[in-house]
Amino acid sequence: MSAGVTPFALKDAPALIERLLPVQKLSAEVFKERKAGPGQTLVPLGAYWKGRKPLILNKACILGCLLPASDNPARDLEIFEKLMAMDDESFVARWPRRPKPKEILATLNIACIADYFVCNPPTSMPQSAPVDWSKPELEDVRVHWRDDISELERHRLEAQMLPLAPYRERVEAAKRPEEVMDTVHGHIWDAVNAHLGTSARSFPELVEQLGIMRYGHRPRVADTFCGSGQSPFEAARLGCDVYASDLNPVGSMLTWGAFRIIGGSADERVQLERRQQELVDKVLREIDKLGVETDGHGWRAKAYLYCVEVRCPQSGWMVPLIPSRVLSYGKQAIAELVPVASQKRYDIRVRSGVSDDDLKAASKGTVCSDGRGQDPYLFHSVNGVEYRTKISTLRGDFRNADGTTDNKLRLWEKTDFKPRPEDLFQERLYAVHWMKPKANGKKFDYEFRTVSDHDIRRELLVEEFIGRHLAEWQAKGWIPDMRIEPGDKTDEPIRTRGWTHWHHLFPARHLLLLGLLRRESRRGEELVLLSRILDYTSKLCRWTTSKAGSSKSGQGGRTGGASDNPANVFYNQALNTFYNYGCRGSFPLLQLLGAPLPEAESLGRASVVCQPAADMLASPDICLTDPPYGSAVNYEEILEFFIAWLRKNPPPEFADWVWDSRRSLAIKGDDENFRRGMVAAYKRMTECMPDNGIQVIMFTHQSGSIWADMANIVWAAGLQVTAAWYVATETDSALREGSYVKGTVLLVCRKRHGAHKTTHDDLAWEIQEEVDVQVRALTGLNQQAKGLYRDENVFEDADIQMAGYAASLRVLTRYAVIDGRDMAAEAIRPRVKGETTFVDSLIEFAVDTANRCLVPQGIPQGHWDRLGGAERFYLKLLDMEARGAKTLDNYQNFAKAFKVRDFRPLMASQRANEARLKSAVEFGRAEMSEGSELHQSVLRAVLYGMMELVKNVDGSEVLAHLTLNIPDYYSDMTRRELAVELADYLARRLEAMRPEEAGAARVLRELVKNQRLG
Ligand SMILES: C[S@@+](CC[C@H](N)C(=O)[O-])C[C@H]1O[C@@H](n2cnc3c(N)ncnc32)[C@H](O)[C@@H]1O
């Protein structure tokens, strides 16, 4: 170990993350990881888990907590970026292909080729590069690197070959750092060690040494809301000791699985794969013995397609409910309803290779809806007479006295596993998708077939089997017997189908297969893998068919051949029932069970438990948590889908866990209970960490009230904020889906020491000063980084704004008593709806102060202070547009910051990555009237004047209108001055974007300036 590694040498050093974080680059890396979809390291273990925090983000947080902030921030940043593989040399390793020596010599200016390369034969070679390889005398020359050129030197030269693209584009083309883990960091250690006084050659060594310098031991990281285990896994991979816990056993199980399976040693993996294969073979043998999934001619079932069938109350016919009769676009296969009038029912015949017209006609089935949010209805016609009946009418929906809705569906009992003959909704097999190995044994042939009598017989066999074994298998825990508790998400299966127990969600075939698998799964690993395929079972799997290459490239979707498959249950965060659905056959499901998983050995020591965060039993140095704040995911409800299968007779590894989602202890929502739960959790973490411990709390940036909420929680937990960062964590497609763009706020906290007091008045100055210092520090770093970073800003305005908020929170939460009030008590005081609390008003004040510091250059502070929110918004965002910003989240964040009620009327485009304000001409005469947030504002009047000038209205007329549009124009001279300032500002900002309007702004400025008064 290096002489520089002295225990506790960094005990009180501020952490890097408290001073800086390259959030723009980090956002690009996060996008990259998200876009990798199932290629992400832990995702294949549990793709059903929603709301994973990217590994790269966790890595940044952990390193940011351990690294010290020195008095050379620019160098700190450089070192941090090397560790994150964000530097140019790392991109050489991340690039899909390294350049060949000849390519380098063809491109770069190198004074003396022999300084780097050996050429053979050397005779005809020029001394310097670039080299023109097309010369005939160079045809046979071979070039290779000199042996004594270090890897770092090679990287440096090769880095010059990288395209000079913005960081985001580079990241897009490059691999993720974790994909080239073994090679990407080789060149960094000398620089890292020289800066930090360490002697590391790997992350675990560096992390251990930094831990000793800060805490006297290898750092201990805790995540008490660990979910799928992303943070603990990354912490352990970096070499930290880890404590992970979650209230939900499925979360704890996935975290455990991340360590034991993905992070397991090569030996463990081999053994696991062998055991899995044995399990797969055994279960498939049993299914085959029953003969229920093969047709006796070499074909196996790939999927069974079922639908709900119902008697139409008007025609008296039994009608299968199938919204689309298309089975496959690739095979042009459809299901045809053939009326059997004598029995008032339909036969269903499968036809493949139909015409395009037939396919198109089949896309309209027997369940229709007149649009989103409209009640679906049953639709069929007999002898030319059309019958329509709303599904809600079929179900017999009615309103209770208390306003809740109910219906007349029979509620299924525990002993049921299929509809009873008298039930309204029957279930019917309507097609089978078969598969058979091709002659070469590698691929398969597939075909859709009409349901035959043999198929029906096989259905009955399965049902008889389950009927005989259900009670016994339930008692043994091989098939669920758990009730579905009502809830936001769990109400749907109860309300729409009458299902009351979790096993009702599964067709008999899946009860059989899963029951056998559950019987054989006695180890933790096996339950993790079983859960993986549970996501692909049940009646909640929508039937999907796509054409070849139908999804957009680059969106992570399939771009290859056509596909016909039942979707997974958790493609969204709900428990939606379907009128028709697909059930994968045992063979494809078992193939999925044995599918290979990524390998990423994790080195740190980890303990994983299942308990409420407030009961934590550990002493971590760093807590990295992602609590369910503003989370749209009802983990405690939807995960019961898995718990139902796993809860009985858990393997020894999970035996101490409570196999229940403990809904009442789950933190959720945003009410009093939420705050109480959060405070208890964070108080406990604060108690457990040492005085120099540090916490990073991640949460979704959702509404303006988060700042007050988080300040309250931090205060009451005995913490104080030391920094906050905003990282855009959503993918492009997510950005496109909703108009609300989400990002993640990282709130960095320390223990609050002492009981400092202050007053509201003193706070004003302190906040002002702190925000000023913070904003200056970050803009300063931007300046320093220019040149180093290809002219890109390290921080954009939105980051600086966030840092401004953080600075104000930092000041506020430093104090235990403000104006004589105990802030911890104030923070947990129950709220009255609509009331503005003392804390709210403090935050509002702090945020205002922070916003005031974000004056765009060219507008004097005095004028800025007097502008309305919408004016500030427009001017600020125009400034950002002029510098190339286009993402909608900027507009959303600044609208919030400047308290603009509705920024949409000011926008010409609200596309996620092409957002843009309206120009003066695009505004036309809009936004002048009383309802507008720009009503009677000087900015609006100036834009109006510009519009008129562009349209060649006479100057004197324009001026006359301006004086009318600005109230008090003649009595308050500052209004006129402001008009001149704004016209000047707009002229400069619009110069490159809209030269014509810029010209109009200049003319207006001169008109007002030279106007004769009096
Ligand atoms: C937003 S998720 C964490 C996701 C995680 N960071 C990941 O990357 O997968 C929040 C987690 O908090 C858990 N949770 C909710 N209430 C809890 C409580 N009282 N104690 C511990 N965990 C709780 C939920 O089960 C859920 O797994």
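Every value quoted in this text rests on a predicted model; they were computed, and no experiment measured them. (Residues numbered from 1 in each chain as written. Predicted model: local features only at pLDDT ≥ 70, side-chain atom pairs only at ≥ 80, totals over all residues. Heavy atoms only, no water.)

(A) Main features of the overall build of the chain. Across its full length, the chain holds 37 helices and 29 strands. For the chain, the C-alpha radius of gyration of 33 Å lies close to 31 Å, the compact-globule estimate for 1014 residues. Within the chain, the proportion of its 1014 residues that are buried is 57%. Here the analysis covers contacts within the chain between residues at least 6 apart in sequence; of these, 72% occur between residues at least 24 apart. A total of about 42400 Å² of accessible surface is found on the chain, and carbon and sulfur atoms cover 49% of it. The averaged location of the 139 negative side-chain charges in the chain is 4 Å from the averaged location of its 135 positive side-chain charges. (Helix = DSSP H or I, 4+ residues; strand = E, 2+ residues; numbered from the N terminus. Rg over C-alpha atoms; globule rule 2.2 N^0.38 Å. Buried < 20%, exposed > 50% of the residue type's maximum accessible area, 1.4 Å probe, protein only. Contact = heavy atoms within 4.5 Å. Areas by Shrake-Rupley, 256 points an atom, 1.4 Å probe, with all protein chains shown as cover. Lys, Arg positive; Asp, Glu negative; His and termini not counted. Charge placed at Lys NZ, Arg CZ, Asp CG, Glu CD.)

(B) Layout of the sheet that holds strand 10 (residues 367-368). Strand order in the open sheet formed by three strands is 10-11-12, and the pairing between neighbours is antiparallel. Edge positions in the sheet fall to strand 10 and strand 12 (385-390), since each has one partner strand and no second. Strand direction decides the pairing type here: strand 11 (residues 377-382) and strand 12, joined by six bridges, are antiparallel. The residue of strand 12 that forms the bridge with Y377 is K390. (Pairing = 2+ DSSP bridges.)

(C) Region of the structure containing the environment of V855. Take V855: it is sitting in the loop between helix 29 (838-852) and helix 30 (861-865). C-alpha of V855 to C-alpha of G211: the two residues are 644 residues apart in sequence and 41 Å apart in space. In this structure V855 touches Q861 and W864, once residues within four positions along its chain are discounted.

(D) The arrangement of empty space enclosed by the protein in detail. For the structure on display, the rule yields six cavities of 30 Å³ or more. In this structure, the largest cavity spans a volume of roughly 110 Å³. Along its surface, the largest cavity is lined by E29, E33, L55, I56, K59, R176, P177, E178, M181, E234 and R237. For the lining of the largest cavity, the leading source of residues is helix 2 (residues 55-66), giving three residues. Split into classes, the residues belonging to the lining of the largest cavity amount to four nonpolar, no polar and seven charged. There is about 40 Å³ of room inside the second largest cavity. (1 Å grid on protein atoms, 1.4 Å probe; cavity = no way out; pocket = protein on both sides within 12 Å on 5 of 7 lines; lining within 4 Å. Points joined across faces, edges and corners; volume = space filled by probe spheres on them. Nonpolar A, V, L, I, M, F, W, Y, C, P; charged D, E, K, R; others polar.)

(E) Seen up close, the sheet that holds strand 21 (residues 622-625). The seven strands are arranged 20-4-3-21-22-24-23 in an open sheet whose pairing can be described as mixed. Each end of this open sheet is capped by a strand with a single partner; those strands are strand 20 (606-610) and strand 23 (719-727). Geometrically, the sheet is characterised by an average inter-axis angle of 15 degrees between neighbouring strands, direction not taken into account. Bridge count between strand 23 and strand 24 (residues 744-751): eight bridges; the pairing is antiparallel. Bridged to Y726 within strand 24 is V745. Helix 12 (residues 249-262) contacts strand 4 (241-246) and strand 20 of the sheet and is inclined by roughly 165 degrees relative to strand 20. (Axes fitted to C-alpha atoms, helices over the stretch in contact; angles between N-to-C directions.)

(F) How the structure looks around the pattern of salt bridges. With the rule as written, the count across this model stands at 67 salt bridges. A salt bridge links E158 to R98; its shortest N-O distance comes to 2.8 Å. Here R98 lies in the loop between helix 4 (88-94) and helix 5 (101-107) and E158 lies in helix 6 (residues 151-159), a separation of 60 residues in the sequence. Here R98 falls in the partly exposed class, since its relative accessible area comes to 32%. As a salt-bridge pair, R814 and E770 come within 3.4 Å of each other at their nearest N and O atoms. Here R814 is found in helix 27 (residues 797-814), whereas its partner E770 is found in helix 26 (residues 760-785), with 44 residues between them in sequence. Relative accessible area serves as the criterion here: at 18%, E770 is assigned to the buried category. Look at the salt bridges and you will find they share partners, linking R176, E178, E179, E234 and R237 into a network. (Salt bridge = Lys/Arg side-chain N within 4 Å of Asp/Glu carboxyl O.)

(G) Structural detail: the site of the ligand. Near the ligand, the surroundings consist of 23 residues, among which K53, S228, D246, A613 and D626 are the closest. Interatomic distance of 2.8 Å between a backbone N/O atom of K53 and an oxygen atom of the ligand. Contacts to the ligand include D246, whose side-chain N or O atom sits 2.6 Å from an oxygen atom. Relative to its unbound accessible surface of 600 Å², the ligand loses 96% to contact with the protein. (Near = heavy atom within 4 Å. Polar contact = N/O pair within 3.5 Å; in protein donor to acceptor, adjacent residues only side chain to side chain.)

(H) Examining the nonpolar core more closely. Core analysis: the biggest nonpolar cluster contains 259 residues, and L747, F873 and L986 have the highest contact counts within it. Residue contributions to this core peak at 10 residues, all from helix 34 (residues 938-950). If near-sequence neighbours (up to four positions away) are discounted, L986 is found in contact with Y874, L875, L878, L939, V942, L943, M946 and A1001. Judged by nonpolar contacts, the second largest core, of 17 residues, contains F117, C119, W133 and W145. (Core = buried A, V, L, I, M, F, W, Y, C linked by side-chain atoms within 4.5 Å.)

(I) Representation of a nonpolar patch on the surface within the structure. The grouping of Y970, M973 and L1013 at the surface amounts to a nonpolar patch, some 280 Å² of accessible area in total. Secondary-structure assignment places L1013 in the segment after helix 37 (995-1009). Residue classification places L1013 among the partly exposed positions, given a relative accessible area of 34%. (Patch = residues over 30% accessible without salt bridge, like charges linked within 9 Å, V, L, I, M, F, W, Y side chains within 5 Å.)

(J) Region of interest: the side chain of R428. By secondary structure assignment, the location of R428 is in strand 15 (residues 426-437). With relative accessibility at 16%, the residue R428 sits in the buried group. There is a polar contact of 2.7 Å between the side chain of R428 and the side chain of E309.

(K) Examining the packing of aromatic side chains more closely. Under the definition given, this model contains 32 aromatic pairs. With 6.1 Å between their ring centres and 25 degrees between their planes, F225 and Y682 make a pair best called stacked. Of the two residues, F225 is situated in the loop between strand 3 (220-223) and helix 11 (230-238) and Y682 in helix 23 (residues 672-688); the sequence distance between them amounts to 457 residues. Both residues of the pair, F225 and Y682, belong to the buried class. Taking the centre distance of 5.8 Å and the plane angle of 80 degrees together, the rings of W864 and F898 count as edge-to-face. One end of the pair, W864, is in helix 30; the other, F898, is in the loop between helix 32 (888-897) and strand 28 (907-909), and 34 residues separate them in sequence. Summarising the burial analysis for this pair, W864 and F898 share the class buried. Here the aromatic residues Y48, W502, F506, F570, F641, F642 and W645 are joined through ring pairs into a cluster of three or more. One Lys or Arg, K364, reaches over the ring of F379 and ends 4.6 Å from the middle of that ring. (Phe/Tyr/Trp six-rings, centres within 6.5 Å; stacked < 30°, edge-to-face > 60°. Lys NZ or Arg CZ within 6 Å of the ring centre and 35° of its normal.)

(L) Broad picture of helix 35 (residues 955-965). If you check which residues of helix 35 are buried, you get G955, V958, L959, L962 and T963. On an axial view of helix 35, the arc spanned by its buried residues comes to 135 degrees, and they lie on one face. Summarising the geometry of helix 35, the exposed residues directed more than 90 degrees from the buried face are S956 and L964. Where helix 35 is buried, its residues contact helix 34 and helix 37. (Arc of directions from axis to C-beta.)

(M) Fine view of the pairing of strand 1 (residues 117-120). Across the two faces of strand 1 the burial differs, with F117 and C119 buried and V118 and N120 not buried at all. Two strands pair when backbone bridges link them, and strand 1 and strand 2 (residues 142-145) are joined in this way by four bridges, in the antiparallel orientation. Considered in strand 2, the bridge of V118 is made with H144.

(N) Summary view of the environment of S808. With respect to the helices and strands, S808 occurs in helix 27. By relative accessible area, S808 is classed as buried at 2%. For S808, the residues in contact, after removing those within four places along its chain, are I767, V771, A846 and V847.

(O) Looking closely at the pairing of strand 8 (residues 333-340). Here strand 7 (residues 326-328) runs beside strand 8; their pairing, made up of two bridges, is antiparallel. Counted as the bridge partner of S328 is A333 from strand 8. In this antiparallel pair of consecutive strands, strand 7 and strand 8, the connection spans four residues, and Q332 shows a positive phi of 50 degrees. Between the end of strand 8 and the start of strand 9 (residues 345-351), which pair antiparallel, lie four residues, with K344 showing a positive phi angle near 50 degrees.

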